Amino acid sequence: MPTPTGQEGRPVAVVTGASSGIGAATVRHLATAGFDVVAGARRTDRLEALAKEVGSAVRPLPLDVTSAESIEAFTDAIPACRVLVNNAGGALGQDRIAQSDDDQWITMFETNVLGLMRMTRALLGKLIGSGNGHVVNIGSVAAHEAYVGGAGYIAAKHGARGVNDVLRLELNGQPVRVSEIDPGLTETEFSLVRFDGDAEAATRVYQGMTPLVADDVAEIITFVVTRPPHVDIDTLIVRPRDQARTFMVHRS
Ligand code: NAP
């Protein structure tokens, strides 16, 4: 049976959380690298604009990774998948554990951990069927280091890292690589979402330092998925030079 591919035989990549930040930048870079890219997120107006900007290689589709029905409709609409970038996610709030908000924790686990598991499970057959599948999970330095006020997000990203490690064991012998890219401070809408739309609080996160930008991370993702099939980049931590640890940021 021929390997199912995208238009004119191009490999298909699926990017979750493609409506802004790292996900949107990854869609642009993967399209330039020759992929047909299926772009998923809840804000479909943003996806449509991205598809208009990048061109016919991008297929926008609605996706909520916290909804089993939405994932089923999304993945049923995709005939083939060589690369899955599990990027949808983020942080909510920065309360200490003593003040922690259950709903924020539940949403963080639903998006960063269960979303990743559900998307991977749903597309695994197609990834294996591609003969050269690749699951790329966007974790965080929060999967490696603690900081005060970060418990919910840190727990979720540690959880996602655990899922990746098990996935690599379970897929050993199958033609699917598993990679985790763990960025530090990257200027996107991440902090705006974390601080519930408080633009001043979000701006303070990056004040007096030079953060990564979404393109920095997207270039790395594109590099990782374009290595030869036998080369599996396991975990890649990338930080701004100004950020020695999550909690240790040099500001001028
Ligand atoms: P962002 O600009 O806020 O983008 C987050 C993306 O996730 C959006 O496209 C959003 O789309 C999507 N998303 C959120 N909930 C979703 C859901 N339920 N279903 C589908 N999509 C959902 O932030 P970003 O920095 O690019 O974040 C991308 C990833 O990088 C996240 O996993 C984040 O944890 C990780 N990360 C970010 C940083 C950083 O400093 N920025 C550092 C380390 C790791 P919709 O709202 O339209 O659905």
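Data block above holds the structure.
None of the values given here were measured: they were computed from a predicted structure.

Visitor: What am I meant to see in the overall build of the chain here?
Guide: A count of helical and extended segments in the chain gives eight helices and eleven strands. The C-alpha radius of gyration of the chain comes to 17 Å, within 12% of the 18 Å expected for a compact globule of 252 residues. The principal-axis extent of the C-alpha atoms belonging to the chain is close to 55 × 40 × 35 Å. The buried share of the chain, taken over its 252 residues, is 48%. Expressed as a percentage of contacts within the chain between residues at least 6 apart in sequence, the contacts between residues at least 24 apart total 70%. Per element, the accessible surface of the chain, about 11800 Å² overall, is 53% carbon and sulfur. Considering the chain, the positive charge centre built from 23 side chains and the negative charge centre built from 30 side chains are found 4 Å apart.

Visitor: Whenever I open this one, the site of the ligand confuses me. Can you help?
Guide: In the vicinity of the ligand there are 32 residues, among which Ser 19, Ser 20, Arg 42, Tyr 153 and Thr 188 approach most closely. In the model, an oxygen atom of the ligand is placed 2.8 Å from a nitrogen or oxygen of the Arg 43 side chain. In the complex, the protein chains occlude 95% of the 880 Å² of accessible area that the ligand would expose alone. Residue assignment for the shell around the ligand shows that the elements contributing at least two residues are α1 (21-32), α4 (102-129), α5 (151-170) and α6 (190-194). For the shell around the ligand, the residue count by class is twelve nonpolar, 15 polar and five charged.

Visitor: Would you explain the packing of aromatic side chains in this entry?
Guide: Centre-to-centre distance and the angle between the planes together describe a pair of aromatic rings. The full count for this structure, using the stated rule, is two aromatic pairs. Relative to Phe 109, the ring of Trp 105 has its centre 6.4 Å away and its plane inclined at 10°; by these criteria the two rings are stacked. Here Phe 109 and Trp 105 lie together in helix α4, a separation of four residues that amounts to about one turn. Assessed through its relative accessible area of 27%, Trp 105 is described here as partly exposed. Just above the ring of Phe 223 sits the side chain of Arg 227; from NZ or CZ to the centre is 3.9 Å.

Visitor: So what exactly am I meant to see when it comes to the packing of α1 against helix α2 (residues 44-54) here?
Guide: Packed helix pairs are specified by the crossing angle of their axes together with the interaxial distance, meaning the distance between the axes. Relative orientation of the contacting elements α1 and α2 amounts to 25°, with a least axis distance of 11 Å. As judged from the angle between their axes, α1 and α2 are roughly parallel. Crossing hand, α1 versus α2: right-handed. Of α2, the residues touching α1 (which contributes Ala 24, Val 27, Arg 28 and Ala 31) are Leu 50, Glu 53 and Val 54.

Visitor: Please explain the sheet that holds strand β1 (residues 12-16) as it appears in this structure.
Guide: Adjacent strands of a sheet pair through backbone hydrogen bonds, lying either parallel or antiparallel. Read across the open sheet, the seven strands follow the order β3-β2-β1-β4-β5-β6-β9; overall the sheet is parallel. Two strands in the sheet have a free side with no partner beyond their single neighbour: β3 (58-62) and β9 (235-238). The average angle at which neighbouring strand axes cross in this sheet is 15°, direction not considered. As paired elements, strand β5 (residues 133-138) and strand β6 (residues 176-183) share six bridges and run parallel to each other. Directly across from His 134, in β6, lies its bridge partner Arg 177.

Visitor: Is there a simple way to explain the pattern of salt bridges in this structure?
Guide: According to the stated counting rule, one finds eleven salt bridges in the structure shown. The residue Glu 145 makes a salt bridge to Arg 239 at a minimum N-O spacing of 2.6 Å. With a gap of 94 residues between them, Glu 145 in the loop between β5 and α5 and Arg 239 in the loop between β9 and β10 (243-245) connect regions that are remote in the sequence. Note on Glu 145: relative accessible area 10%, which makes it buried.

Visitor: Would you take a moment to explain the environment of Gln 174 for this structure?
Guide: Mapped onto the secondary structure, Gln 174 falls in the loop between α5 and β6. C-alpha of Gln 174 to C-alpha of Glu 8: the two residues are 166 residues apart in sequence and 26 Å apart in space.

Visitor: Would you take a moment to explain unusual backbone geometry for this structure?
Guide: Outside of glycine, negative phi angles account for most residues, and trans bonds account for most peptide bonds. Positive phi, normally seen in glycine, also occurs at Asp 196, with a value near 50°. With respect to the secondary-structure elements, Asp 196 resides in the loop between α6 and α7 (199-205).

Visitor: Looking at this structure, how should I read a negative patch on the surface?
Guide: A contiguous patch of negative charge, built from Asp 95, Asp 101, Asp 102 and Asp 103, is present on the exposed surface. Within the fold, Asp 102 resides in helix α4. You can call Asp 102 exposed: its relative accessible area is 57%.

Each value, and the rule that gives it
Each chain carries its own residue numbering, running from 1 in the direction its sequence is written. It should be noted that, the model being predicted, local features are given only for residues of pLDDT at least 70 and side-chain atom pairs only at 80 or more, the latter also being counted only at that level, while totals for whole chains, interfaces and linings use all residues. Heavy atoms from the whole structure form the basis of all side-chain values; hydrogens and water molecules are not counted. A run of H or I in DSSP counts as a helix once it spans at least four residues, and a run of E counts as a strand once it spans at least two, with each numbered from the N terminus. The reference for a compact globule is 2.2 Å times residues^0.38; the radius of gyration itself is calculated from the C-alpha atoms. For every residue, the accessible area obtained with a 1.4 Å probe (protein chains only) is divided by the maximum for its type, and the residue is called buried under 20%, exposed over 50%, and partly exposed between those limits. Residue contacts are counted whenever heavy atoms from the two residues lie within 4.5 Å of one another. Surface accessibility in these figures is a Shrake-Rupley result with a 1.4 Å probe; residues are shielded only by whichever protein chains are displayed. Working convention for charge: Lys and Arg count positive, Asp and Glu count negative, and His plus the chain ends are omitted. Every charge is mapped onto a representative atom, which is NZ of Lys, CZ of Arg, CG of Asp or CD of Glu. It suffices for a single heavy atom of a residue to lie within 4 Å of a molecule or strand for the residue to be listed as near it. Between N or O atoms, a polar contact is any pair within 3.5 Å; within protein, one atom must be a potential hydrogen donor and the other a potential acceptor, and residues adjacent in sequence are included only when both atoms are from side chains. Amino acids outside the nonpolar list (Ala, Val, Leu, Ile, Met, Phe, Trp, Tyr, Cys, Pro) and the charged list (Asp, Glu, Lys, Arg) are all regarded as polar, and Gly is one of them. In summary, the pairing rule links any two rings of Phe, Tyr or Trp, Trp by its six-membered ring, whose centres are within 6.5 Å, and it sorts them by plane angle into stacked for under 30 degrees, edge-to-face for over 60 and tilted for everything else. Charge-over-ring contacts are defined here by two conditions on Lys NZ or Arg CZ: a distance within 6 Å of the ring centre and an angle within 35 degrees of the ring normal. Axes here refer to lines fitted to C-alpha atoms; in helices the fit is confined to the stretch in contact. Angles between the N-to-C directions go from 0 to 180 degrees. Between 65 and 115 degrees an angle is taken as roughly perpendicular, under 35 as roughly parallel, over 145 as roughly antiparallel, and anywhere else as oblique. By definition, any crossing whose near helix is turned counterclockwise from its far helix by less than a right angle is left-handed, and any crossing with a clockwise turn is right-handed. Being paired, for any two strands, means DSSP has found at least two bridges between them. Any Lys or Arg side-chain nitrogen located within 4 Å of an Asp or Glu carboxyl oxygen qualifies as a salt bridge. Patch membership requires more than 30% relative accessible area and the absence of a salt bridge. Residues of like charge join within 9 Å; the nonpolar side chains Val, Leu, Ile, Met, Phe, Trp and Tyr join within 5 Å.

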